[in-house]
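Chain and residue survey
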Amino acid sequence: MSVADLKKAFDTLTSKQKAYQDFYDYYDGNHKLMYTSSKLADIFQYIDAYFIENWCSVVIDAVKDRINLRGVDVPDDAKPIWVELYQGSQIDLESDDSHEDLLVAGESFVIVDNDGQAYRNDPRMAHVFYDPARPREKRFGAKWWVNDDGKLRMSLYYPNFIEHYISQGKAEDAKTIETLESMPGRDARQRNSLQTVPVFHFRMSRRSVRSDLKSVIPVQNAINKLLNDMMIAAEFGAFNQRWIISSAEIGQLKNRPNEVWSVPAGDGIGQQTQVGQFEATPLENYLNAIEQMAMSTSSITRTPKHYFFSIGSNLSGESLQVMEAPLVKKAQDRIDRCIPVWPQIAQLMLKARGLSVRAQDIRAEYDKPEIVQPRTQAEAREINVRSGMPLVTVLRDEGKSDAYLEKMKKDKAEQDAAENKSLAQSLLDAQRRLDKGGGA
């Protein structure tokens with residue numbers, strides 16, 4: 001039993017919970033209404049309505065929509081097994097969830113089991129620990145979860161073995177490692193037939209865990225506060241607050257729509273009867289402030305302004321490309337962080353099925369994050385071909401897969417053969433007409 005490693009894993013996973021839960025809550029739209037002082041919080045605590053504009057989801061989805069794992073290419077001799085593993089593990093869906101975790105929490109995890117199946121794991125429930133002397137080398141991985149019996153389970157993954165632990169009581173009572181014990185009998189430790197730590201780590205930065213929402217949440221809080229203040233002001237402004245100065249009894253006067261007041265006149269002595277109403281709070285002040293905050297979110301996150309506001313429909317494709325260039329660069333950076341990990345995952349999945357493939361012979365293929373206008377792409381392609389670049393090279397630079405290029409070559413060969421056959425048939429028919437003296 002590795003007590004030091006167990007404590008390290010337990011403490012690390014415990015420390016993740018609140019921060020990561022906050023990130024997911026803000027992404028899902030479960031925001032807390034923040035106040036600038038406790039006095040304001042006391043004043044507004046009895047107001048039932050709560051309004052939010054969830055810009056956090058816009059910031060995340062704008063990038064996530066541009067990160068798409070098109071496939072993982074393996075050597076030909078491994079493809080039959082790989083197709084089965086790829087489909088069985090639902091890599092298309094698992095990769096989408098992993099990308100979402102990466103953007104929201106700043107890291108994501110995929111674990112490969114002994115059968116070669118890959119599973120995305122919630123970053124609140126998994127972690128990888130690295131060798132301090134060789135920071136890219138994984139020393140061990142950890143995962144915890146609550147089982148159907150309500151108890152906390154934890155597994156530590158080492159290159160040669162896997163240790164399993166269980167809480168003595170319910171998961172909510174497992175506050176320290178003293179509440180954990182090894183699984184009974186042979187279940188306490190099992191041999192790791194994969195001979196490597198099967199926990200794979202996607203991370204935004206190696207220096208620190210950095211969520212794309214960390215710098216957005218304070219601005220989001222300000223937007224929500226302004227929005228709620230505006231809605232409260234709008235409610236009071238829609239029903240004007242009136243005032244009256246009179247020495248007569250005014251308890252029967254009600255401030256409600258279609259109510260006609262009968263106000264007694266003054267007696268001519270002292271303060272005379274007066275009636276008036278308070279001006280409504282201008283809502284433009286709130287709207288302008290919210291717009292400014294949204295603009296700040298756009299700048300901080302490199303999300304184009306037209307994701308937050310309508311800016312007209314007369315922009316050209318080239319103008320949109322320029323406006324979205326920072327977002328494209330951001331998405332490409334996230335893709336570059338993911339590309340080296342998927343070949344390692346595929347290599348281990350194949351190894352579990354008895355196939356030895358080098359990671360450098362496996363390639364993760366992502367769609368390009370930029371949106372290319374068809375006409376612009378066709379014109380650029382034509383210019384490159386005219387300058388002497390082979391069409392195959394141009395298409396490869398655009399991100400087309402080898403399978404796509406092979407299919408294109410096959411289609412081209414079939415087309416050329418059909419055209420040559422048609423030409424030969426035309427020449428033969430012409431020659432026959434000449435032989436018969438019918439002319440060409």
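Below is a summary of the structure that appears in this document. Bear in mind the structure is a predicted one, so any value in this text is a computation, not a measurement.

1. Quick word on the overall build of the protein
Within the protein one finds 13 helices and 13 strands. Within the protein, buried positions represent 36% of all 440 residues. In the protein, the share of contacts with a sequence separation of at least 24, taken over all contacts with a separation of at least 6, comes to 65%. For the protein, the accessible surface area stands at approximately 25700 Å², while carbon and sulfur atoms represent 52% of it.

2. Considering the side chain of Arg334
Along the chain, Arg334 falls in helix 9 (residues 325–338). In this structure Arg334 touches Val63, Ile67, Leu102, Leu103, Met204, Asp212 and Arg302, once residues within four positions along its chain are discounted.

3. Here we look at the layout of surface pockets
The space that makes up the largest pocket amounts to roughly 570 Å³. Forming the boundary of the largest pocket are 20 residues, of which Tyr130, Arg136, Lys138, Arg203 and Gln344 lie nearest the centre. Elements with a minimum of two residues in the lining of the largest pocket: strand 5 (138–146), strand 10 (199–203), helix 9 and helix 10 (341–352). With four residues, strand 10 is the single largest residue contributor to the lining of the largest pocket. Of the residues belonging to the lining of the largest pocket, the class tally is seven nonpolar, three polar and 10 charged.

4. Focus: helix 7 (residues 284–301)
Compared with an ideal rise of 1.5 Å per residue, which puts 18 residues at 26 Å, helix 7 spans 26 Å between its outermost C-alpha atoms and is within 8% of the ideal. Tyr286, Ile290, Ala294, Thr297, Ser298 and Thr301 are the residues of helix 7 that are buried. When helix 7 is viewed along its axis, its buried side chains cluster within an angular range of 120 degrees and face the same direction. Turned more than 90 degrees off the buried face of helix 7, the exposed positions are Glu284, Asn285 and Ser299.

5. Let's talk about the packing of aromatic side chains
As enumerated under the stated definition, the model contains seven aromatic pairs in all. Their ring planes at 25 degrees and their centres at 5.4 Å tell us that Phe140 and Tyr158 sit as a pair that is stacked. Of this pair, Phe140 sits in strand 5 while Tyr158 is found in the loop between strand 6 (152–157) and strand 7 (161–167), placing the two residues 18 residues apart along the sequence. Like Phe140, the residue Tyr158 is buried in the burial classification. Geometrically, the ring pair formed by Phe202 and Trp342 is tilted, given 5.2 Å between the ring centres and 50 degrees between the ring planes. Placement of Phe202 in strand 10 and of Trp342 in helix 10 is noted, with a sequence separation of 140 residues between them. For Phe202, a relative accessible area of 1% puts it in the buried group. By the ring-pair criterion, three or more aromatic residues cluster together here, those being Phe129, Phe140, Tyr158 and Phe161. Here the guanidinium or amino end of Arg124 rests over the ring plane of Tyr24, the centre of that ring lying 4.1 Å away. A cation over a ring is seen here: Lys143 above Trp145, with NZ or CZ 5.3 Å from the ring centre.

6. Quick look at the packing of helix 4 (residues 79–88) against helix 10
The N-to-C vectors of helix 4 and helix 10 enclose an angle of 110 degrees; their axes lie 10 Å apart at closest approach. Between helix 4 and helix 10, the crossing angle belongs to the class labelled roughly perpendicular. Across from Ile81, Trp82 and Leu85 in helix 4, the residues of helix 10 making contact are Ala346, Met349 and Leu350. Its residues assigned to classes, the contact of helix 4 with helix 10 shows six nonpolar, no polar and no charged.

7. Focus on the pattern of salt bridges
Counting across every chain of the model gives 27 salt bridges. Among the ionic pairs, Glu107 bridges to Lys16, the shortest N-O distance being 2.9 Å. Remark: Lys16 occurs in helix 1 (residues 3–28) and Glu107 occurs in strand 2 (residues 107–112); sequence separation between them is 91 residues. No difference in accessibility class separates Glu107 from Lys16, as the two residues are buried.

8. Quick word on a positive patch on the surface
Taken together, the side chains of Arg136, Arg206, Arg207, Arg210, Lys214 and Arg337 define a basic patch exposed on the protein surface. As for its placement among the helices and strands, Arg136 is situated in the loop between strand 4 (126–130) and strand 5. Look at Arg136 and you get exposed, because its relative accessible area is 67%.

9. Things to note about the nonpolar core
Counting residues in hydrophobic clusters, the biggest one holds 60 residues, and the most contacted among them are Trp82, Trp342 and Ile345. If we skip the residues at most four places from it in the chain, Trp342 touches Leu69, Val72, Ile91, Ser95, His99, Val110, Phe202, Ala364 and Tyr366. Core analysis: the second largest hydrophobic core is formed by 17 residues, Leu152, Tyr165, Ala174 and Ile177 among them.

10. Remarks on the environment of Asp92
Considering the arrangement of structural elements, one finds Asp92 in helix 5 (residues 91–105). On the basis of relative accessible area, Asp92 is assigned to the partly exposed category, the value being 41%. Placed 21 residues apart in sequence, Asp92 and Gly71 show a C-alpha to C-alpha distance of 7.8 Å. Beyond its immediate stretch of four places on either side in the chain, Asp92 contacts Leu69 and Tyr86.

Analysis parameters
Residues numbered from 1 in each chain as written. Predicted model: local features only at pLDDT ≥ 70, side-chain atom pairs only at ≥ 80, totals over all residues. Heavy atoms only, no water. Helix = DSSP H or I, 4+ residues; strand = E, 2+ residues; numbered from the N terminus. Buried < 20%, exposed > 50% of the residue type's maximum accessible area, 1.4 Å probe, protein only. Contact = heavy atoms within 4.5 Å. Areas by Shrake-Rupley, 256 points an atom, 1.4 Å probe, with all protein chains shown as cover. 1 Å grid on protein atoms, 1.4 Å probe; cavity = no way out; pocket = protein on both sides within 12 Å on 5 of 7 lines; lining within 4 Å. Points joined across faces, edges and corners; volume = space filled by probe spheres on them. Nonpolar A, V, L, I, M, F, W, Y, C, P; charged D, E, K, R; others polar. Expected span 1.5 Å × (residues − 1). Arc of directions from axis to C-beta. Phe/Tyr/Trp six-rings, centres within 6.5 Å; stacked < 30°, edge-to-face > 60°. Lys NZ or Arg CZ within 6 Å of the ring centre and 35° of its normal. Axes fitted to C-alpha atoms, helices over the stretch in contact; angles between N-to-C directions. Parallel < 35°, antiparallel > 145°, perpendicular 65-115°, else oblique. Salt bridge = Lys/Arg side-chain N within 4 Å of Asp/Glu carboxyl O. Patch = residues over 30% accessible without salt bridge, like charges linked within 9 Å, V, L, I, M, F, W, Y side chains within 5 Å. Lys, Arg positive; Asp, Glu negative; His and termini not counted. Charge placed at Lys NZ, Arg CZ, Asp CG, Glu CD. Core = buried A, V, L, I, M, F, W, Y, C linked by side-chain atoms within 4.5 Å.

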